[in-house]
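Report on the structure
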Amino acid sequence: MRVTLTVNDEARVADDVWPGESLLSMLRERLGLTGSKNACEQGECGSCSIYLDDTLVCSCLVAAGQAEGHRVRTVEGLTDGDGDAVKAAFVEAGAVQCGFCTPGLVVSTHALLDRDADPTDPDIREALAGNLCRCTGYEKILDAVRLAAERRRA
Amino acid sequence: MTTTALDTPVFLRPTTLAEALAAKAAHPDAAPITGGTDIMVELNFDVRRPAVLLDLSEVAELRTWERDGDRVRVGAAVTYTRIVHELADELPGLALAARTVGSPQIRNRGTVGGNLGAASPAGDCHPPLLATGADVEVAGVRGTRLVPVAEFFTGVKRTALAADELVTAVLVPRKRGPQQFAKIGTRNAMVIAVCSFALALDTSARTVGTGIGSAGPTPLRAPQAQELAAAELPWESRDDIDVRLATRFGELVAAAARPIDDVRGTAAYRRLALAVLARRCLRWAWQEYRCA
């Protein structure tokens, strides 16, 4: 089937989409957007986190056809000042080890700071509870979120 | 849309409830999908290939909630995130349970209707719905009916839904007293309950509702524990709760469970943990009543 949607402010069309296919698979395999990572395929790890309209979701748990007519924003599309600031904070804080979880964490952090400019540590832990880092570099990730929040408030 | 290769599902996308019900009647084997948090896992791992996927996420009627007398009618496609943000005052038990589901990403997509439709014995919404005495609204082209939630679950992942019916809403009594929910898992996020317990006090009727999760083939109530607490709680004096009453309540809840040993825990552990959760929930709720 054909899916028509807006991805990172661009009108896109994906053809030959298998009706049981995930939005993650469509983004990666048909639209060439490989920033969202494919790891657990069951919503456990958060490495495929994206915005569907304005909501943070695991793209592996959205059927591609459910995105028909909707807006999607992936890590590639987070090029506004806030998105760049989150990415820079991850680099500067040393929050990137193997890097596989990083795109999902960047999107989840962006979503957190969008609704809460000054999150407490428990707020940050709660907001990132659905994003796993198997290098277990969580302390630096928390540093990165605090740094991004601080810069955004400045 | 009528013919399809054996392994290629048809994707149906109704935009009204009437269209959705007509589609379910025409395709009784259709798998409804809204948040996708259960069914997409099955599709991703190829453990299930439904012939028809019925996407309910564009049906506006399912995405609303409204007050209906002394109850709140929560549409089947209202997400956990919205329950937490919009219904915590009126439906505190359900909101507490919704708060423990998955992660922000999962709560942004997952729905009460999906939880009911999947009918996992471990579904987090089920204990508070049992404790408050909610009704499940199910509809089909033949009409709409209400099923008391205790009668909705007929077995492991089996429900009272007919093949041509969809869950359209759940009618939950508005708060009539303190409510609590507690759940055991290996971490705070992203866990399927090892066991869970919900409690709802009705301080006007002086009754106590219970719901046990993940400790039986279906979510269960603990009728003897309910009767004991209703009869022996010091409703009038609001005295501190007797420790023997709280302990006995916990024991009766544990006795009402029908747990098994599985990958998440043993039956013995579940009974032990349920006795503790039930005792704690009763004390927390009673403390709230005393301080009200």
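Predicted model only: the values in this text are computed from it and were never measured.

Thresholds, definitions, all that
- Residues numbered from 1 in each chain as written.
- Chains lettered and ligands numbered in written order.
- Predicted model: local features only at pLDDT ≥ 70, side-chain atom pairs only at ≥ 80, totals over all residues.
- Heavy atoms only, no water.
- Pairing = 2+ DSSP bridges.
- Helix = DSSP H or I, 4+ residues; strand = E, 2+ residues; numbered from the N terminus.
- Axes fitted to C-alpha atoms, helices over the stretch in contact; angles between N-to-C directions.
- Contact = heavy atoms within 4.5 Å.
- Core = buried A, V, L, I, M, F, W, Y, C linked by side-chain atoms within 4.5 Å.
- Buried < 20%, exposed > 50% of the residue type's maximum accessible area, 1.4 Å probe, protein only.

Let us now look at the sheet that holds strand β4 (residues 65–68) of chain B. All names here are of chain B. Taken in spatial order, the five strands of this open sheet run β4-β5-β10-β6-β7, and their pairing is antiparallel. Of all the strands in the sheet, just β4 and β7 (143–148) have a single pairing partner and so form its edges. Neighbouring strand axes in the sheet, compared pairwise and without regard to direction, differ in orientation by 25° on average. Sheet strands touched by helix α1 (residues 17–26): β6 (135–140) and β10 (166–173). Its angle to β10, the strand with the most contacts, is close to 125°.

Residue and element names in this part refer to chain A. One ladder, built from five bridges, connects strand β1 (residues 3–7) with strand β2 (residues 10–14); its direction is antiparallel. Across the sheet, the residue bridging to Leu5 is Arg12, located in β2. Counted between consecutive antiparallel strands, the loop separating β1 from β2 contains two residues, among which Asn8 sits at a positive phi close to 50°.

Residues and elements named next belong to chain B. By size, the foremost hydrophobic cluster in this structure holds 47 residues, and its most contacted members are Val74, Ile83, Leu116, Leu129, Phe152, Val170 and Val172. With four residues, the single largest contributor to this core is helix α2 (residues 39–44). The contact partners of Val170, leaving out residues within four places of it in the chain, are Val72, Arg73, Val74, Val112, Leu116, Leu129, Ala134 and Asp135. The next biggest cluster of nonpolar side chains, apart from the first, holds 30 residues, and it includes Ala182, Leu233, Trp235 and Val253.

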